[in-house]
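Structural features, examined
Residue-level listing of the chains:
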Amino acid sequence: ISTNKTISQKLISLKRSRFRSKFKLTRKDRDYIATKGLQTIREHAFQFVYSRIAPDFPKNDGKQTPMRGHPVFIAQHATATCCRGCIKKWHGIEKGRALNVKDVDFIVALIMDWIEEQLTGDLISLHPDSYMQGPDERQDIEKRNGSKNFHIFDLSNYYRVSEGATLGKASN
């Protein structure tokens, strides 16, 4: 269930939902992610899922995930991982039993892939030439286009380096 292909298929399916597709990260959410780093956001996702979603009968099920206040909350609504009812409907994981490690790993991977897609979606949709360009290439693009009216989104801001770690995506 937790393969990359399955997650990609789920994200495509969720985009077809009028309700789910309305959720987007705000500038404040993006700034928060840039400040904390994706690894910290992933840790928050695990904490929220384990504390609010994973129990067999979560407290206030159906109302336990706020609609704003943290990028993970937005992602949970966008990915239908906000309550056990949505998880059952969209992902086929039955209510009335605690989520196992495999379920939680799948949910967090789905949340994080949605977040990363939101972050990278800007650079692809706003200006394809801007993707991961260095400063010299950015200036060339700006000169070619005559302005700086497109957004250059550099994902390096979203990856933090901890002591002894290398820069890059956290491993699943």
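Residues numbered from 1 in each chain as written. Predicted model: local features only at pLDDT ≥ 70, side-chain atom pairs only at ≥ 80, totals over all residues. Heavy atoms only, no water.

**Digging into unusual backbone geometry**
Phi is positive for N60, close to 55 degrees, though the residue is something other than glycine. Relative to the elements of secondary structure, N60 occurs in the loop between α3 (38-53) and α4 (71-78). Positive phi, close to 60 degrees, is recorded for A80, a residue that is not glycine. Among the secondary structure elements, A80 is positioned in the loop between α4 and α5 (84-91). (Helix = DSSP H or I, 4+ residues; strand = E, 2+ residues; numbered from the N terminus.)

**Quick word on the state of the cysteines**
Applying the stated rule across the entire model yields 0 disulfides. We note that C82 lacks a disulfide partner, and the nearest cysteine sulfur, in C86, lies 3.7 Å from it. The thiol of C86 is not disulfide-bonded; the next cysteine sulfur, from C83, is found 3.6 Å away. (Disulfide = S-S within 2.5 Å.)

**Observations concerning the packing of aromatic side chains**
Each pair of aromatic rings is reported with the distance of its centres and the angle of its planes. Under the definition given, this model contains 3 aromatic pairs. Ring centres of F19 and F23 lie 5.2 Å apart, and the angle between their planes is 85 degrees; this geometry places the pair in the edge-to-face category. Assessed through its relative accessible area of 43%, F19 is described here as partly exposed. Centroid distance F48 to F73: 4.7 Å. Interplanar angle 40 degrees. Geometry classified as tilted. Highlighted residues: F48 in helix α3 and F73 in helix α4, separated in sequence by 25 residues. The class of F48 is buried, set by a relative accessible area of 15%. The buried category is assigned to F73, whose relative accessible area is 7%. (Phe/Tyr/Trp six-rings, centres within 6.5 Å; stacked < 30°, edge-to-face > 60°. Buried < 20%, exposed > 50% of the residue type's maximum accessible area, 1.4 Å probe, protein only.)

**Concerning the side chain of R84**
Along the chain, R84 turns up in helix α5. In this structure, R84 is buried with no salt-bridge partner, the nearest side chain bearing the opposite charge being D61 at 6.0 Å. A distance of 2.7 Å separates a polar atom in the side chain of R84 from the backbone oxygen of P55. Side-chain polar atoms of R84 contact the backbone oxygen of R97, separated by 2.6 Å. (Lys, Arg positive; Asp, Glu negative; His and termini not counted. Salt bridge = Lys/Arg side-chain N within 4 Å of Asp/Glu carboxyl O. Polar contact = N/O pair within 3.5 Å; in protein donor to acceptor, adjacent residues only side chain to side chain.)

**Looking at the confidence of the model for the protein**
Of the residues in the protein, 67% have a pLDDT of 70 or more, and the chain-wide mean is 76. Counting interchain partners and residues more than four positions distant, the pLDDT-below-50 stretch residues 122-172 has 60 contacts. (pLDDT = per-residue confidence, 0-100. Contact = heavy atoms within 4.5 Å.)

**Comments concerning the packing of helix α2 (residues 27-36) against α3**
One way to put it is that α2 packs onto α3 with a least axis distance of 6 Å and a crossing angle of 105 degrees. One finds that α2 runs roughly perpendicular with respect to α3. Here Y32, I33 and K36 of α2 lie close against α3, whose contacting residues are L38, T40, I41 and H44. For the contact of α2 with α3, the class distribution of residues is 4 nonpolar, 2 polar and 1 charged. (Axes fitted to C-alpha atoms, helices over the stretch in contact; angles between N-to-C directions. Parallel < 35°, antiparallel > 145°, perpendicular 65-115°, else oblique. Nonpolar A, V, L, I, M, F, W, Y, C, P; charged D, E, K, R; others polar.)

**Concerning the nonpolar core**
Core analysis: the largest hydrophobic core is formed by 31 residues, its most contacted members being V49, L99, I111, W114 and I115. Of all the elements in the fold, those that place two or more residues in this core are α1 (4-15), α3, α4 and α6 (101-126). If near-sequence neighbours (up to four positions away) are discounted, L99 is found in contact with V49, I53, A54, R84, I93, V104 and I107. Counting residues in hydrophobic clusters, the runner-up holds 5 residues, among them A80, C82, C83 and C86. (Core = buried A, V, L, I, M, F, W, Y, C linked by side-chain atoms within 4.5 Å.)

**A look at the pattern of salt bridges**
On inspection of all chains with the given rule, the structure shows 5 salt bridges. R27 is paired through a salt bridge with D31; the nearest N and O atoms lie 3.8 Å apart. In this pair, R27 and D31 both sit in helix α2, 4 residues apart, roughly one turn of the helix. What makes R27 partly exposed here is its relative accessible area of 42%. For D31, a relative accessible area of 39% puts it in the partly exposed group. Between E94 and K88 there is a salt bridge whose closest N-O contact spans 3.7 Å. On the basis of relative accessibility, which here comes to 36%, the residue K88 falls in the partly exposed class.

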